[in-house]
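Structure assessment
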Amino acid sequence: MEITSYQDFINMAKQQPEPQRLLFVLAKAQLPEQPTQIQQQQFEQQAGGNLEPVLCVDKLPEEVENFEVLVEESKRTDIDWDIAFISAMDGRGGHPISSDEASQPLEMMVQQIQAGMIKHFLTINRQGELVQVM
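To keep things clear, this report deals only with the structure shown in the data block. (Residues numbered from 1 in each chain as written. Predicted model: local features only at pLDDT ≥ 70, side-chain atom pairs only at ≥ 80, totals over all residues. Heavy atoms only, no water.)

**Here we look at the overall build of the chain**
On a plain count of helices and strands, the chain comes out with four helices and four strands. When its C-alpha atoms are laid out on the principal axes, the chain stretches across 55 × 30 × 25 Å. Taken over 134 residues, the chain has a buried fraction of 34%. A fraction of 74% describes how many contacts in the chain between residues 6 or more apart in sequence connect residues 24 or more apart. (Helix = DSSP H or I, 4+ residues; strand = E, 2+ residues; numbered from the N terminus. Buried < 20%, exposed > 50% of the residue type's maximum accessible area, 1.4 Å probe, protein only. Contact = heavy atoms within 4.5 Å.)

**A closer look at the sheet that holds strand β3 (residues 83–90)**
On the basis of which strands lie adjacent, the open sheet formed by four strands has the order β2-β1-β3-β4 and antiparallel pairing. This sheet does not close on itself; its edge strands, each paired only once, are β2 (50–59) and β4 (122–125). Sheet twist, expressed as the average angle between the axes of neighbouring strands with direction ignored, equals 25 degrees. Both strand β1 (residues 20–30) and β2 contribute to a ladder of nine bridges, which runs antiparallel. Residue pairing across strands places Leu 26 opposite Leu 55, the latter belonging to β2. Contacts between helix α1 (residues 6–14) and the sheet are confined to β1, β3 and β4, with β1 contributing the most and set at about 155 degrees to the helix. (Pairing = 2+ DSSP bridges. Axes fitted to C-alpha atoms, helices over the stretch in contact; angles between N-to-C directions.)

**Thoughts on the nonpolar core**
Of all hydrophobic cores here, the largest spans 17 residues; its most connected members are Tyr 6, Leu 22, Phe 24, Phe 67, Leu 70 and Ile 86. Elements with a minimum of two residues in this core: α1, β1, α3 (67–75), β3 and β4. Looking at this core, the element that brings in the most residues is α1, giving four residues. Once residues lying within four places of it in the same chain are set aside, the contact partners of Phe 67 are Tyr 6, Trp 81, Ala 84, Ile 124, Asn 125, Arg 126 and Gly 128. Counting 13 residues, the second-largest nonpolar core is a separate cluster that includes Ile 83, Ile 97, Leu 106 and Ile 118. (Core = buried A, V, L, I, M, F, W, Y, C linked by side-chain atoms within 4.5 Å.)

**Things to note about the layout of surface pockets**
For the largest pocket, the calculated volume is near 690 Å³. Residue lining of the largest pocket: 23 residues in total, with Ala 29, Gln 46, Gly 48, Leu 51 and Ile 83 positioned closest to the centre. Those elements that provide at least two residues to the lining of the largest pocket are β2, β3 and α4 (99–114). The element that contributes the greatest number of residues to the lining of the largest pocket is β2, accounting for three residues. In the lining of the largest pocket, the residues fall into eleven nonpolar, nine polar and three charged. (1 Å grid on protein atoms, 1.4 Å probe; cavity = no way out; pocket = protein on both sides within 12 Å on 5 of 7 lines; lining within 4 Å. Points joined across faces, edges and corners; volume = space filled by probe spheres on them. Nonpolar A, V, L, I, M, F, W, Y, C, P; charged D, E, K, R; others polar.)

**Let's talk about the environment of Glu 65**
Relative to the helices and strands, Glu 65 resides in the loop between β2 and α3. For the pair Glu 65 and Gln 7, spaced 58 residues apart in sequence, the C-alpha separation works out to 7.3 Å. Among the polar contacts listed, one links the side chain of Glu 65 to the side chain of Lys 14, at a separation of 2.7 Å. (Polar contact = N/O pair within 3.5 Å; in protein donor to acceptor, adjacent residues only side chain to side chain.)

**Examining the environment of Gln 132**
Position of Gln 132 relative to the elements: it lies in the segment after β4. For Gln 132, a relative accessible area of 68% gives the class exposed. Sequence-wise, Gln 132 and Lys 119 are 13 residues apart; in three dimensions their C-alpha atoms are separated by 8.6 Å.

Interpretation in functional terms is not warranted from these geometric data alone.
See the structure below:
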C-alpha cells in the first residue's frame, strides 16, 4: 500500500501484525547563522532553511487517528513547529512498546534529522499535507 496521506499511514499502522507505537519529531524551520541573500529569499518563500527538532512525542495509532488531534495537542505546549517527522515501531508479543522504550528511538530520530538523514521518515506539514523535504 502506498502512503499518500496521514490517514493512509494510520490505516497501515493498524494493519500491522504487531501493535505499533508512532514516533513524532516536530521541527521548526530556521535560517542558518549568517544566511546568504539567496538563503533568506528561499526561507521567506518557505523553500529553505534548517529544520530544528523542537518537540518529540510517541503515540499509539488510536490516540492520533486524525492529524488534527496531534496539532491541537501540540498547541498546548506553546512550541511552534512547521514539519512533523513520523516513524513507527513494532510491538512485541501482541503489545506495543512502552513510552519509556520509545525514548531512545526518538532521540535517534532527532539525531538523524539534525544530520539531514530524513528520507525514511514520513514528513507532514502543519496542515496535514505530506511533503517531500530535501
